[in-house]
Amino acid sequence: MGKYIAKRLLASLAVMAIVSFMAFAALELIPGNAALIAAGTEGSASSVASIASGLGLDRGFMERVLIYYKGLLSFDFGVSSYFGESVSTLIRQRIGVTFSLAFLSVLLAFFVSVTLGSAAALGRGRFLDAFSRSVVQVFSSIPSFWLSLLFLILFSSVLHWVNVGDYVPPSVSLKGYLSSIIIPVAVLAIGETGPLLRLVRASMIRARNEDWYRIGKVRGISRIRLVMAYALRYALPGPLTLAGSELAKLLGGTAIVESVFALPGLGRLFLTAVEMRDIPLVEGIVIFVSFLVVLMNLATDLILFISNPSMRKAGGIRL
Amino acid sequence: MKKHRISFMIGIVLTVSAAVLSAVSIAFTPYDPESMDIYNRFQGPSSEHLLGTDHFGRDILSRIMSGSLVALSSALLSVTIGAVLGIALGLVAALSPKRISGILQRIIDALMAFPTILIALVLVTIAGKGILPSALAVALSIVPVFSRLVYTMILETMEKLYIRAAVSYGAGRFRIAAFHLFPPMLSRLVVQFTASIGNAILLESSLSFLGLGIQPPSTSLGMMLSEARGYVLTYPYQAIPAGIALLVIVLGFNLLGDGLSEVLERGRRGRHG
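Calculation notes
- Residues numbered from 1 in each chain as written.
- Chains lettered and ligands numbered in written order.
- Predicted model: local features only at pLDDT ≥ 70, side-chain atom pairs only at ≥ 80, totals over all residues.
- Heavy atoms only, no water.
- Phe/Tyr/Trp six-rings, centres within 6.5 Å; stacked < 30°, edge-to-face > 60°.
- Buried < 20%, exposed > 50% of the residue type's maximum accessible area, 1.4 Å probe, protein only.
- Helix = DSSP H or I, 4+ residues; strand = E, 2+ residues; numbered from the N terminus.
- Contact = heavy atoms within 4.5 Å.
- Buried area = accessible area lost by both parts, 1.4 Å probe.
- Salt bridge = Lys/Arg side-chain N within 4 Å of Asp/Glu carboxyl O.
- Nonpolar A, V, L, I, M, F, W, Y, C, P; charged D, E, K, R; others polar.

**Looking at the packing of aromatic side chains**
Residue and element names in this part refer to chain A.
Consideration 1: All chains considered together, the criterion is met by eight aromatic pairs over all chains.
Consideration 2: Taking 6.4 Å as the distance between ring centres and 80 degrees as the angle between the ring planes, the aromatic pair formed by F110 and F111 counts as edge-to-face.
Consideration 3: Judged by relative accessible area, F111 falls into the exposed class, the value being 55%.
Consideration 4: Seen from their ring centres, W212 and Y213 are 6.2 Å apart, and the 70 degrees between their planes marks the pair as edge-to-face.
Consideration 5: Overall, Y213 belongs to the buried group, its relative accessible area being 3%.
Consideration 6: Members of the aromatic cluster, connected to one another through ring pairs, are W212, Y213 and Y234.

**Some words on unusual backbone geometry**
Residues apart from glycine generally show negative phi values, whereas peptide bonds are mostly found in trans.
Residue and element names in this part refer to chain A.
Consideration 1: Even without being glycine, A262 reaches a positive phi, approximately 50 degrees.
Consideration 2: Mapped onto the secondary structure, A262 falls in the loop between α12 (255–260) and α13 (266–275).
Consideration 3: The phi dihedral of R277 falls on the positive side, at around 50 degrees, and the residue is not glycine.
Consideration 4: Here R277 is to be found in the loop between α13 and α14 (279–307).

**Quick notes on the interface of chain B and chain A**
Consideration 1: Contacts between the two partners involve 46 residues from chain B, matched on the other side by 49 residues from chain A.
Consideration 2: Approximately 4,000 Å² of surface area, both sides summed, lies buried where chain B meets chain A, with 74% of it carried by carbon and sulfur atoms.
Consideration 3: The shortest N-O distance in the salt bridge between B:D258 and A:R198 comes to 3.5 Å.
Consideration 4: Put simply, the parts of the chain that give the side of chain B that touches chain A at least two residues each are α1 (2–27), α3 (98–113), α4 (116–127), α7 (173–209), α8 (221–229) and α9 (240–271) of chain B.
Consideration 5: Its residues assigned to classes, the side of chain B that touches chain A shows 29 nonpolar, nine polar and eight charged.

Rendered as C-alpha cells:
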C-alpha cells in the first residue's frame, strides 16, 4: 500500500515538474520578449531594459530556470505586468469564485447523473433509458458559450430573474451571491452531465448483470434497497473519479462562462492576461491550475485506493 | 438495438447535410456572406433572407453556410494533425524501453492534465490570434486522446501470439509496428477520429467566440455568436441560427462516432463468439 502511494506521489511530482517546465519553455518561445510586450509601443529603450532586468530577462537561461523554480516553491510567480500586482495575490483574489462555480456545478451534475443514470439503467421503463441517452448526446454537443447566451436571454431579458454583471460576494449577501452564480453553475453543470451520466449508466448496467444483483432480486430484496445498499457502492467509484478530475479541469475551464456572465474569477483573469500578453500572469495561472489538477487527481486516486479494499490488494489502478 | 440504429442514421443525415451545405457554399450562397446592407439590418426570417440578417445586414444563412465550411475544414485539419502526432507519440511510448516510455507517459499525462481551453489560450499567447494557431491548439488537445488509445491498444496486442511469433522470426520493431500492430488498430482509430471532430468543432468555436480564433472578415460560427452576444438583450434572435447550426453539426458527429463504435463493438463480439 505504501509502495503504491509513494509511486503515485512520485508520478504526480514528475508531471508537475514537466508541466511547469513546459509552461516556462513555451512562454520563452514568444516572439519579442516579455519586456518589449510589457513596455508597449511607447516604451523607450531604457524602460524596456529596466523592465527586462526587473523580470530577470538579462540573466542566462539556466539561471532564470533556477530563479523560476525557487519562486514556485514559495508560491511566488512574479509580478503581473498589466495589473502591477503580484500574480499570487491576483490568483488568490479570484480563485474563490472559480472554485465555487466548479464545485457547485460538478456537485449538481453528479447528483443529476446518479439519479437519472441509476433510474435509466435499473428502472423498468424503456422511456427513461432513451431519455437519458438523448440527454447525454444533446448535453455533450451544446457549446457552453451558446447555452450561456440562451440562458442569458431566458433568465435575464424574458423572465427578469437575474441581473448580469452584478456579482455579489458571499460575504456581502449569501442570497445575492447564490442568485448571481446559479445560472452559470447550471450552464457548467449541463456540460458536465454528459460524460458523468454516460458513465453512471454504464456502471449501473454492469451492476445489474452481476450475480449478486440477480440473487438479491430473487431473494426478494426491494429494488430500492438493492440499489441504495449494493449497486451504488459497486458503481460509484468510477463516476467519483471522473467527477474529481472534471472538477479539477473546470478550475481552468470556466473562462467562457465567467466572461459571458461577468464574474470576477480566475478564467476571466486568464483571458485578460492573454489579451494583454501579460506573460508572468499567464505563466502563473497555467502553473497554478495544472498543479491543482494534478493534486486533485492524486487526492481522488488516493481516496479511492484507501476506501476500496479490493483495489488495495491489487496494488492500485492504472489511470 | 433498433434505437441505436436510429441515432446512427440521424448522425449520418446531420453530418452529410452539414458537409453538403458547406461544400455548396464554395460555389454558391444565397448572398455574399460578407456584403453589408445597413438599411436591412436585424431582419427576422423572410422569403428574401431565409434566416434574416445580422447587425451589418449580412445574410445569416449565407454566413452560416460559409461558417460551417470553416468549422468543418479547420476541425478536420486539427484532428488530422492531432491524430498523427498522438499516434506517433503513443507508438513511440509503447515501443521504446521502459524508462523512456515512462517519461513519455508522464508527458501525455501532463497534456491530459491541462484543461483544453487553457492549452489553447497559452498557444494563442505564444503564436498570436488567427486560424492557424487556434487549429494547432485544438490539435494539441487531441494528441493525448490518441496517444493514450494507441498506447493501451499496443499493450493489449503485444500479448497476442502472432506478435510473439513475429518477434521470434526476427522482425524488427518498425516492421512489427507497421504491419502487425497498426492494421488491427485502424478501425478504433477511425471511430476516435470521428468522435474527436465534434470536440474539435466545439473548441474551435469557443476560441472564435472569445475572439482568439479566426479573424474577420472571414466567418465562423463561433464568431457569429460572439457578434450576436453584443445584441443579446436587444435582438435575441441573432444568437439563435448560428447556435443551432453549431449544435446540429456537433451532435451529428457525436452520434456518428457513437454509432460507429457500436457497430465496431458488435463486430468484435461477433468474431469472438
